[in-house]
Structure formats: C-alpha cells, structure tokens
Amino acid sequence: MAPAIGGMLLGLALCASSLCMASGTAFLYHDYCIIGAGPAGLQAAYFLQEASRDYIVFERSHAPGSFFALYPRHRKLISINKWHTGKSNSEFNLRHDWNSLLSHDRRLLFRRYSRDFFPDADAMVRYLEDFASLLKLRVQYNTAIVHVTLERDEQAWNGHYFLLTDQDRQNYKCSSLLVATGTWVPNVVNFPGSEYVEGYETVSTNPEDFAGQTVLILGRGNSAFETAENILGVTNFIHMVSRSRVRLSWATHYVGDLRAINNGLLDTYQLKSLDGLLEGDLEDLAIIKDKKGKLHITLRFYLENRNASAGIDSITLPQDELDNFATRAPYDRVIRCLGWKFDFSIYNRSLRMMPGKGNKIKYPQIKPNYESRGTRGLFVLGTASHSVDFRKSAGGFIHGFRYTTRAVHRLLENRHHGVPWPSTVYPITQLTNSIIKRVNEASGLYQMFTVLADIILLRENATAFEYLEEYPVGILAELEMQTGRKAPSGLFVVVMEYGRNFSGADKDVFYYNRAVGEAQHAWQSNFLHPVIYYYKHLPTEREMRLQPPDWPLPRPDAIHHIVEDFLTDWTAPNAHILPLRRFLENCLSTDLRNFFAESCFLFAFTRQKLPPSCQQGYARTQGLLGGERLRRHAVEAGLLEDYTLTDFSGNKPSDRHKGSQDQLLRDHVILVRPLQHLVHAKDEL
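About the criteria used
Residues numbered from 1 in each chain as written. Predicted model: local features only at pLDDT ≥ 70, side-chain atom pairs only at ≥ 80, totals over all residues. Heavy atoms only, no water. Helix = DSSP H or I, 4+ residues; strand = E, 2+ residues; numbered from the N terminus. Buried < 20%, exposed > 50% of the residue type's maximum accessible area, 1.4 Å probe, protein only. Contact = heavy atoms within 4.5 Å. Areas by Shrake-Rupley, 256 points an atom, 1.4 Å probe, with all protein chains shown as cover. Core = buried A, V, L, I, M, F, W, Y, C linked by side-chain atoms within 4.5 Å. Domains from an automatic or database assignment. Salt bridge = Lys/Arg side-chain N within 4 Å of Asp/Glu carboxyl O. Polar contact = N/O pair within 3.5 Å; in protein donor to acceptor, adjacent residues only side chain to side chain. Pairing = 2+ DSSP bridges. Axes fitted to C-alpha atoms, helices over the stretch in contact; angles between N-to-C directions. Phe/Tyr/Trp six-rings, centres within 6.5 Å; stacked < 30°, edge-to-face > 60°. Lys NZ or Arg CZ within 6 Å of the ring centre and 35° of its normal. Disulfide = S-S within 2.5 Å.

1. Quick look at the overall build of the protein
Turning to step 1, where the next piece is worked out: Each helix and strand counted, the protein has 21 helices and 23 strands in total.
Turning to step 2, where the next piece is worked out: Counting all 685 residues of the protein, 51% fall into the buried class.
Turning to step 3, where the next piece is worked out: Taking all contacts inside the protein whose residues are at least 6 apart in sequence as the whole, residues at least 24 apart take part in 65%.
Turning to step 4, where the next piece is worked out: Carbon and sulfur atoms make up 52% of the accessible area of the protein, which totals about 33,500 Å².

2. Quick look at the nonpolar core
Turning to step 1, where the next piece is worked out: Residues Leu-164 and Leu-177 are the most contacted members of the largest nonpolar core, which totals 67 residues.
Turning to step 2, where the next piece is worked out: The element contributing the most residues to this core is helix H5 (residues 121–134), with eight residues.
Turning to step 3, where the next piece is worked out: Residues from two domains meet in this core; each of domain 1 (28–185 + 342–409) and domain 3 (421–588) gives at least three.
Turning to step 4, where the next piece is worked out: By size, the runner-up hydrophobic cluster in this structure holds 29 residues, among which are Met-496, Tyr-498, Leu-580 and Leu-592.

3. Here we look at the pattern of salt bridges
Turning to step 1, where the next piece is worked out: Taken as a whole and judged by the stated rule, the model has 21 salt bridges.
Turning to step 2, where the next piece is worked out: A salt bridge links Glu-279 to Arg-220, with the shortest nitrogen-to-oxygen separation between them at 2.6 Å. In this pair, Glu-279 sits in strand S12 (residues 276–279) while Arg-220 sits in the loop between strand S10 (214–218) and helix H6 (222–231), placing the two residues 59 residues apart along the sequence.
Turning to step 3, where the next piece is worked out: Across the pair Asp-591 and Arg-593 runs a salt bridge, and its minimum N-O distance is 2.8 Å. Both residues of the pair, Asp-591 and Arg-593, count as buried.
Turning to step 4, where the next piece is worked out: Ionic contacts of the salt-bridge type, sharing partners, join the residues Arg-406, Arg-438, Asp-454, Glu-469 and Glu-470 into one network.

4. Description of the side chain of Asn-440
Turning to step 1, where the next piece is worked out: Checked against the element boundaries, Asn-440 lands in helix H12 (residues 431–441).
Turning to step 2, where the next piece is worked out: Of the polar contacts made by the side chain of Asn-440, one reaches the backbone oxygen of Ile-436; its length is 2.7 Å.
Turning to step 3, where the next piece is worked out: Discounting chain neighbours no more than four positions away, the residues touching Asn-440 are Phe-92, Arg-95, Thr-568, Asp-569, Trp-570 and Thr-571.

5. A closer look at H6
Turning to step 1, where the next piece is worked out: Taken across its ten residues, H6 has eight buried, putting it largely inside the fold.
Turning to step 2, where the next piece is worked out: Close packing links the buried residues of H6 with S10, strand S11 (237–242), helix H8 (264–270), S12 and strand S15 (333–336).

6. Concerning the sheet that holds S15
Turning to step 1, where the next piece is worked out: Read from one edge to the other, the open sheet built from five strands follows the order S9-S15-S10-S11-S12, with strand pairing classed as parallel. With partners counted over all chains shown, the strands left at the sheet margins are strand S9 (198–199) and S12, one partner each.
Turning to step 2, where the next piece is worked out: Pairing between S11 and S12: four bridges, direction parallel. For His-239, the partnering residue across the bridge sits in S12 and is Gly-276.
Turning to step 3, where the next piece is worked out: Packed on one face of the sheet, H6 meets S10, S11, S12 and S15 and runs near 175 degrees to S11.

7. Quick notes on the sheet that holds strand S18 (residues 423–427)
Turning to step 1, where the next piece is worked out: The strand order S18-S20-S19-S21-S22-S23 describes an open sheet built from six strands, whose pairing is antiparallel. Each having just a single partner strand, S18 and strand S23 (558–561) make up the two edges of the open sheet. Averaged over neighbouring strand pairs, the angle between their axes works out to 20 degrees when direction is ignored.
Turning to step 2, where the next piece is worked out: By the bridge criterion, four bridges tie strand S22 (residues 529–535) to S23 in an arrangement that is antiparallel. Pairing of Ile-532 across the sheet is with His-560, part of S23.
Turning to step 3, where the next piece is worked out: Contacts from helix H11 (residues 398–417) reach strand S19 (452–458) and strand S20 (464–472) within the one sheet, and its direction differs from that of S20 by about 120 degrees.
Turning to step 4, where the next piece is worked out: In the packing of helix H16 (residues 573–588) onto the sheet, the strands contacted are S19, strand S21 (491–497), S22 and S23, and the crossing angle to S23 comes to about 175 degrees.

8. Concerning the packing of aromatic side chains
Given two aromatic rings, one states the distance between the centres and the angle between the planes to describe the pair.
Turning to step 1, where the next piece is worked out: For the structure shown, the criterion picks out 29 aromatic pairs.
Turning to step 2, where the next piece is worked out: When the centroid spacing of 4.5 Å and the interplanar angle of 55 degrees are considered together, the rings of Phe-58 and Tyr-172 count as tilted. With Phe-58 in strand S3 (residues 55–58) and Tyr-172 in strand S7 (residues 171–179), this pair connects stretches of sequence that are 114 residues apart. The same class applies to Phe-58 as to Tyr-172, namely buried.
Turning to step 3, where the next piece is worked out: The structure contains a cluster of three or more aromatic residues connected by ring pairs, namely Tyr-46, Phe-47, Phe-110, Tyr-113, Tyr-127 and Phe-131.
Turning to step 4, where the next piece is worked out: Seen from the ring of Phe-92, Lys-87 lies directly overhead, with NZ or CZ sitting 4.4 Å from the centre.
Turning to step 5, where the next piece is worked out: The ring of Trp-83 has Arg-111 sitting right over it, with the charged end atom 5.6 Å from the ring centre.

9. As for the state of the cysteines
Turning to step 1, where the next piece is worked out: Summed over all chains, the structure comprises one disulfide.
Turning to step 2, where the next piece is worked out: In this model Cys-600 forms its disulfide with Cys-614; the gap between the sulfur atoms is 2.0 Å. Taking the torsion about the S-S bond as the criterion, the Cys-600 to Cys-614 disulfide, at about -80 degrees, is left-handed. Taken together, the residues Cys-600 in helix H17 (residues 597–606) and Cys-614 in helix H18 (residues 612–616) connect sequence positions 14 residues apart.

10. Points about the pairing of S22
Turning to step 1, where the next piece is worked out: Buried residues dominate S22, accounting for seven of its seven residues.
Turning to step 2, where the next piece is worked out: Neither face of S22 is left uncovered, since the one carrying His-529, Val-531, Tyr-533 and Tyr-535 and the one carrying Pro-530, Ile-532 and Tyr-534 both have all their residues buried.
Turning to step 3, where the next piece is worked out: Pairing of S21 with S22, which is carried by seven bridges, proceeds in the antiparallel orientation. From the neighbouring strand, Met-496 faces S22, where its bridge partner is Pro-530.

Structure, rendered in structure tokens:
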C-alpha cells in the first residue's frame, strides 16, 4: 500500500512542476490546453488568464490569426465595424462591432485598427497580434499539434488526461482540452475531371489574369460570390453552379448566408448581362478537357457508359442530345469555392470525435454546452462549435462566439474550481428595470439570439431575485449543476427571438405591414425582440427533449413578448415597460410599482399584503426625504397638498419664521396628503 501511495505522490510532484511521466515518456503538463490562436483561442486564453489558471495555447504558425493572414483571399471581411451608434454605452456598441474580442483593455477595440465598415483582413491580423501581446497571453507559436489521444486516470478531472504530440514529437498533457482550430480544411468534391479545377485557396486574385475568359465557379457561398465579384468586370461571363439555391442573409437573418457586399453577380444575372446561376449536384458532373485546353461540362453518366478505348472527341456531351443545354459553351477555367470543414485527422479514435450529420457534417458533434459528445472535458470553441446554432444564430462568427467562449469558461470555473456562475441579487422591485436594461444594452443576448439567455432565479416569497447573464438555453435543465446556483422558487428566462414565420429563403421579408406596433399583438412580432419565459419549476431533461418544434425552450407556464421596435429601443413606457411589468406582476401575484409613503400607509390599512416597495421602504421607516425644491415640484405636479405652515388663526407665518420652516423641510420627511385617486392608477411605473 505504501509504495502505491508514494508513487502517486511522486506523480503529483512531477506534474506540479509541469513535467509528468507516463509510460516512460515525459509530458509537459498544463491544466488547460488550447489548440489554435485564432480569435476563439485567444478569447479563451484571456478568460483563463484573468482567472489565474494554468493554460497554454498551441499555434502552428509564427503569429496568431493565421487563417486571416490568408483568407478571405480578396481581403475584404464581411463582419461590420460600425464606428458611430449615437450612444456611449460600450456594451450596446458591441452589438454593432463584429470584430472585437472581450477584454478589460479599451485599446483592444477593433475600431482602433480600422475605420472601414467592412475592414481589410490585414487589420484583423494586426488586431489579433496586439491582443495576444498586450495581454501577455501564453501562446506557444510554431507548434502544430499532430496527434491527440487519451490516457485513462481516475484521479484526473474528467477520468482521463489528454495527451498531445507536436510536429517535433514533443509531448504535452492536460486535464481539459479546448479546441479552437476553426474550419480550415477545404471542402473538395471528387468527380471525373476534378483535377482541372482550381481551388479558392490557390486561384489568382489578380483580375487581369481572367481578362477575356469564360469562368465556371463551383459553389454558392460568400467565397464563391467574393471570387466572382473580383473578376466580374473583366470576364466574358461567369456561371455559378451548386446544389443549393442562393440564400440571402437579409432574407434568412443568418449572417453566414450571402451578404449584399458580394452579390453583384445576382444583378448581372437577373438583368441578363451574360452571367448566370445554375442548380445541380456537383457529384453528377464531369469535366472534359479538349485539345485546345477548353473545359467542357458533361455528366458522369455519359463517361461511365462510353467505350473505354474511344477518344475524347467521341465522348457524348449533353448538347449533343439537347442543343440548348445551359452549359454548352466551353470554359477557360473552373474554380472551386465550397467553403471549409473541421480537421478530424489529428484526433485518435479514443476521443470519438465524430462529424455531424446532414448540413452539419463539416462540424464535430458537440452538446449544447459545447462539450464533445464523445469525450468529457473536450470543448470545441469558435467557428467549429457552430453546429449548436448552425443557420440559426451567430455562434460561428466572432461577434457570437466571443460570448459562447465566455459561457464555456464560466461552466469550467464551476465544474473544476467551484466558482459559481456570476450573479447579482436585487430586490424584487428592481425586476422590471433589470430586464429593460439588459434587453436594451446586452450584446450577448442580441447577437446569440435563441442560444444565450439571461436567467432570473426567484428567491423564496418572491422578495428578491438572482440575475445570471448569458447562459446557454440548451442546458437549462442542468442549470443548478452547471452554475452552482439554485432555482427553488421558479425562474424567468429572457431571450431574443425573430418571428418564427418571418424569415426564410421562401419568405418575402419586405411585405407591406410587416411590422407590429401594438403591444397587444406583440406575440406576432417579426423582427428581433425580447421574449420572457416564466417557469414555476426548472424544466426537466424530458421537457427539454419534448419542446415544441422551432422553440428554443420548453413550453412555459407563461410567456411574454415585448413588441418589436424599429429602433431596437425597448424603453417606451406604454408599449414596452407597462405590459412587461403587468406580466411580471401576474406571474408573481404581487405589485411591482413604487409608491410614496402615504400610499403605503393607506395600503397598510386596506390590504392584507403590502406591495414589495412598501415592504422594503415604508415598513422599514425608509420614507421619501427631500427639501423645499422637491416639495414644490411635487405640489406643482399635483402629488402633494400645499401644506404651508399656518398659525391657529389661519394666517401664514411671517418672514421671521421662514428660516425655521426651511430647516424643518430639510430635516424631516415630506408630509403627503392621502392619494386615494392614485391607489388604483395604472400609470405609476
């Protein structure tokens, strides 16, 4: 028994000095290993460093953000950089800054690196370099992790360690692995003649190289249209072919769909200026190169049924049978622009890193808490984590995953270090104000709509509440375990949503009367707006699985939509605040209005239960204090009687008493007359 204990202590000592031994092999140890020093990797490193955790970032290149050093090829980002919003609130301004990472350093706002609305990618490279250096993040450059496997150990955080090997056969060991490599492996479709296709990653970016040429582009995403936009003015014509139809971001509300900055080809196609779009399965195509070097499009079917000994000239082309076949003209060049996928090659089978299904096949399978479905303790961050909200929200882009990365960090802090999810406790009278403030300012709620939510945990008897910000709604049932917070008396969940039947490829999002302005019709709101779900009890795992289709959450006990607003400013007293307050009051069976002392005095005689503002103020002898100026203002507003001091004969006091009267008003609580006419008023906010 003693040798075993001694061996364990020796192992702990070696690991404590950042050097572990496993099967005779030396491993450099860290609690957290991050693969990739792109935006997500640096963001995770920042949070770990702020928490004083033991971590290391591995980056295969000599500098951070190596993807942005190469892509987009034509150097124009499609992430907006809005300089002016008319507001000074930094959290609000992040709603319209899609490039900055989260930090305490005001120098590291992206606006200091570019004034362009759509910045140059080189500005992003400089920004990420400064983010890593100014914050002194621990990044190990020129280190390509080539293999990752597991070592079972019951003493480890997750029941195993992660063993990493780099290109120089140096070994590393960590308790938790954060994968932030993004999606950087080009999507390639193999078909007969695909060897004649140029890739987006290598094709020339000089428009003059395409002068007078006829070009076919495979793909229909932003990289395809970006490539077309670059050569649109110099080619004979451009054809674009893909299996899927064009999806415009302004129609789908998905930032990854085609952006307006790249869609010039749609104009030239619809206005019949030679360019065009075609639909077809790329795997059914074949490319034939003739003796002059021209590329002809045919179908795989014709090649598979031809005589193997026949020459190229004998191959049947579609136009041989259909003389108006769309792609009958030969092409000078064919360019592949099919996007990217995750690199699964470095992960040992023991990690069970599996690709997703359907249109998520390019991403690894992960849970709603961004943890791998196959391996506990392995989290996927950044673009590669987009399977959680693919085509729904912004989790695949900086302005989205900077918040999901922070959420993962908070989950890890609670799981491994016993640090509960950050929260603030307020008296129940601040409930309406707290919600209104967050929906008008918070960037995480705004960008990660339907994915991240604010959670309001009610205390016993609804006298106070605990506010948690930007929690992943997909793990709501696990809230108590994941956050270290309790929900014994019910909760509210605050999310942002679009109308469920508003956007989509087949929807006309510009139809007449598309906006909803009346509070009573708020549930029909089409544009992004706040939605508040009320649950008497924390939803169960079963209820989460059985939630209605297209709902982010299970069916609640009550639900409230704050009506959409053209300015996304939900501060209108009657349209936004009053309906919200009444909804909260109905859920809590209480009165959330604030009252003057005399109203509370009257309620004490006429009601069995005082409103919370009276319980927390008047009943604790915390009346309204003020002086002559405040009293006069209240008199002019009709809220107070003009109780000017008089003598017993009804005469007003002389000037010699004026000083003592002012002193009385300064030193005492203002007297108020009975306000029976306001007891039932609904305009006290």
